[in-house]
Amino acid sequence: MAEAADFQGMNPSPARRWLRRTGTLLAGAPLLAGVLQLPASPAAHAAQPAAVADATGSGGVDISLDSLTPSAPTEDDTITVSGSVTNKGKQTVTGAHVGLRVGPSLQGRVAIDDAEKRTGFELGPDPLEIGGKYVEKFSKLAAGVSQHFSISVPVKELNLDSDGVYQLGVSLTGRTAAQPWDQVLGIERTFLPWQPGAADTKTKTTYLWPLVSTVHLRAETGSDAQQTPVFQNDDLAKEISPGGRLDQLLSLGSDLDVTWVLDPDLLASVDAMTRSYQIKNGDTTTAGKNQAVAKAWLDKLEKTVVDKEVVALPFADPDLASLAHNGKDVTGSLSHLKDATDVASTTVQTILHVKPNTDFAWPAEGAVDPSIVKVATSAGADKVIARSDSLRETGGLTYTPTAARPIGGGTTAVVADSRLSTAFEGDMAKADSSTLAVQEFLAQSLMVDLQEPSKQRSIVVAPQRMPSVSQAQTMATAVRALQDGNWSESQNLSAAAKAKPDPSATTKVPSASSYPSSLRKQELPRSAFEQIQTTQKTLDNFKVILTDKSRVVTPFGRAIDRGMSTSWRGRGAQGDTFRDGVESYLEDLTGLVKLIDKSDAKLSGRSATIPVTVQNNLVQGVHHLVLRLTSQQPTRLKIGDDAFDERPIQVAGEHSQSVKFTTSAKANGPVTVFAQLFTDDGQAYGPPVKFEVKVTEITPTVMLVIGGGVLLLVLAGFRMYTQRKRAAARQAEEEQEDTPDTEGDTDGGAEGLTGVNKDAEGTVDTTEDTERSKDGPDGESTTESGADDPEHPSDPTPDTAPESTDPSGTGERVDR
């Protein structure tokens, strides 16, 4: 029993020490009976992990391992372990101390997995405490209280033997009132990679460093010449500002030898922020103010990647698995992937002035099946970044093979190591979690090298697409320690893909049934791709009529790419809202070119013209449009020479154009007429405009009335002619009578010249002719009717109808 207690690193209790001093001298049943009444041995309690929690009432003691430096020590180093202990129970712990326990080296990667899963203290698997001066003591640890500790130990005191991965335990030993003997009340385990000298054959390690974000730009742009970009919110500015997620990723990665994986949409969005931009939240639009931040981030990124390998994902990082499972059967969906791939290289070169590698496709979490591989390579990529928990080894290999695998059809699968790739997916905000993740990452990496020390292998690490700030910081700590270690050397992704494949490694792509259901639930549904295709058809129709297609095709093409983004995984509702917004905004734009609604028209006569107006509220002109006017009853009303007529349309920006169609009536009655715009290729554009034309046929009676009116006009003209002739003769006679004789006429003075006559009684009578004479331009006499002349019975009927006092009808008058 004493040996068992020593093996656990526990100090014997007073009763135990008394038993050891007297046990060899005394014998007999009475003494044995007295001994049996002593408290139970601490070894018995220590051998039961459940007693750890019970010793303090409940919960035991929690140990947080906040730092371990150096992470991968060498022979002359001193290890410093720091952290805190917290009494989670209800009883005070006395006589406590924190110590280190270093066990034998582990054998294989599975052994690391098993050790990581262990929680409570276990007699046997957990090694002896180093003890001595390499402990930190606490006189007491009250319930609910935390205490900090820091222990430094020279590596030579750890008794590390050959190269390998060692388990390092940090434990707290103490007593409680209920169990007043030394016992392990809490333990935390981690790993200590030990490779003091350079390995004979180092593992070549590729670490992908992703700069990927969610969708930030809207499809909408300003109507100005610069097409001011509009953002959904200002979250991107927060990410690239000092201390933000993308700023941290850039700063941390700039000191590492990694392969940069970029989403061109992120670059395009930040580049858009370097100029004037707007932020639209609901109905509120504000001006963006982070141009300086955007310029600084892009400038730093450009300088960082100038000598590094840059891998460009297709624009907006399309969800390859969703496309393969739900979208490939929707007509045109695969063409969007091709467009996104084509624009990726141009975007990166334009903004960063480096030529990226576009040969790699990266499905979500590296999960693949035959359809995903087929879709991923359909746009030109010939390398697929998979993960080892998807493309699993089936050949019983005892080591981790090289990442590159030929999977047929000229395609190479670059299989990232799943343990290393997922090492930092947890909550790394706590120092304890970060420290443990770093040590496990290094341990797994060293174990890969130790599996086949003489076999050169290339390993790829593909972490989560959008690591948080704390995850990025932990990743950087681990990669820095790895690159400073003695068992690994860095290489870029292209070199890893070209490495000689391991002939024993699996090359069979798993079946569709092997695809994780958890990932399938996050995929974009088929309806998303159908909506995208509807939007594309609307765009195709719209761009035909535009004089400057780039103002619409480019922003909407990129918006369609964003609608397929992998970033919508786990955010299905937000993805739906985004795609709805793109579709709605495009419909609003197409609706700015339209026909003006017409009211019903009236047609009285054999022929007339009907005007139809096309309105263009876009800032650019439109062309390649045809306006068609169609009569639903051509036997009653013809448009042109048939049932319909067409006119080509060109309208300048923010203008309208009216087009007149010639019509001819054949019979009385209402006729339904449709006006419709078409593109040059015969596709209907916009909704038709429907109106009614009321036709009144010209009858014989109407002709007789018109003929009678013409006859009256002729008679009136003849009468006017004879009246003018008589008036001229009368004027001549008057002039002759008024001429004075040779003796002079004293009676023909001024009165005769002014037309004033004296009657017999001597009174003055002023007469006014009903017709006034005046000289024409050639000296001939012309006669005008006075405005107030009485109407003669023989005057002709007016050629216009008298004005009606009734309210006017609602019908539109047509041009005659």
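All of these numbers come straight from a predicted model, not from anything done at the bench.

### Regarding the sheet that holds strand S21 (residues 593–595)
Inference 1: On the basis of which strands lie adjacent, the open sheet formed by four strands has the order S21-S23-S27-S25 and antiparallel pairing. Every other strand in the sheet has two partners, leaving S21 and strand S25 (637–639) as the edge strands with one partner each. Within this sheet the neighbouring strands show an average axis-to-axis angle of 30°, counted without direction.
Inference 2: The pairing of S21 with strand S23 (residues 607–616) spans three bridges and is antiparallel. Considered in S23, the bridge of Lys 594 is made with Gln 615.

### Section: unusual backbone geometry
Leaving glycine aside, a negative phi is the common case for residues, and trans is the common case for peptide bonds.
Inference 1: With an omega dihedral of -10°, the bond running from Thr 69 to Pro 70 counts as a cis peptide bond.
Inference 2: Following the sequence through the fold, Pro 70 ends up in the loop between strand S1 (61–69) and strand S2 (78–87).
Inference 3: Of note in this structure, Glu 365 is not a glycine but carries a positive phi near 55°.
Inference 4: The residue Glu 654 is not glycine, and still its phi comes out positive at about 60°.
Inference 5: Within the secondary structure, Glu 654 sits in the loop between strand S26 (644–651) and strand S27 (655–665).

### So, the packing of helix H19 (residues 526–543) against helix H20 (residues 550–562)
Inference 1: For the pair H19 and H20, the least separation of the axes is 11 Å and the interaxial angle reads 175°. In terms of their interaxial angle, H19 and H20 are classed as roughly antiparallel. Contacts between H19 and H20 involve Ile 532, Thr 535, Gln 536, Leu 539, Phe 542 and Lys 543 on the former and, on the latter, Val 552, Val 553, Phe 556, Gly 557 and Ile 560.
Inference 2: Across the contact of H19 with H20, the residue classes break down as seven nonpolar, three polar and one charged.

### Notes on the environment of Arg 520
Inference 1: Within the element layout of this structure, Arg 520 appears in helix H18 (residues 517–520).
Inference 2: The spatial distance from the C-alpha of Arg 520 to the C-alpha of Ala 321 is 8.3 Å, given a sequence separation of 199 residues.
Inference 3: Dropping the residues within four chain positions of it, Arg 520 is found in contact with His 325, Ala 512 and Tyr 515.

### Here we look at the sheet that holds S1
Inference 1: With respect to topology, three strands assemble into an open sheet ordered S1-S2-S5, the strand pairing being antiparallel. Each end of this open sheet is capped by a strand with a single partner; those strands are S1 and strand S5 (146–154). With direction set aside, neighbouring strand axes in the sheet form an average angle of 20°.
Inference 2: Bridge count between S1 and S2: eight bridges; the pairing is antiparallel. Bridged to Thr 69 within S2 is Thr 80.

About the thresholds
- Residues numbered from 1 in each chain as written.
- Predicted model: local features only at pLDDT ≥ 70, side-chain atom pairs only at ≥ 80, totals over all residues.
- Heavy atoms only, no water.
- Pairing = 2+ DSSP bridges.
- Helix = DSSP H or I, 4+ residues; strand = E, 2+ residues; numbered from the N terminus.
- Axes fitted to C-alpha atoms, helices over the stretch in contact; angles between N-to-C directions.
- Parallel < 35°, antiparallel > 145°, perpendicular 65-115°, else oblique.
- Contact = heavy atoms within 4.5 Å.
- Nonpolar A, V, L, I, M, F, W, Y, C, P; charged D, E, K, R; others polar.

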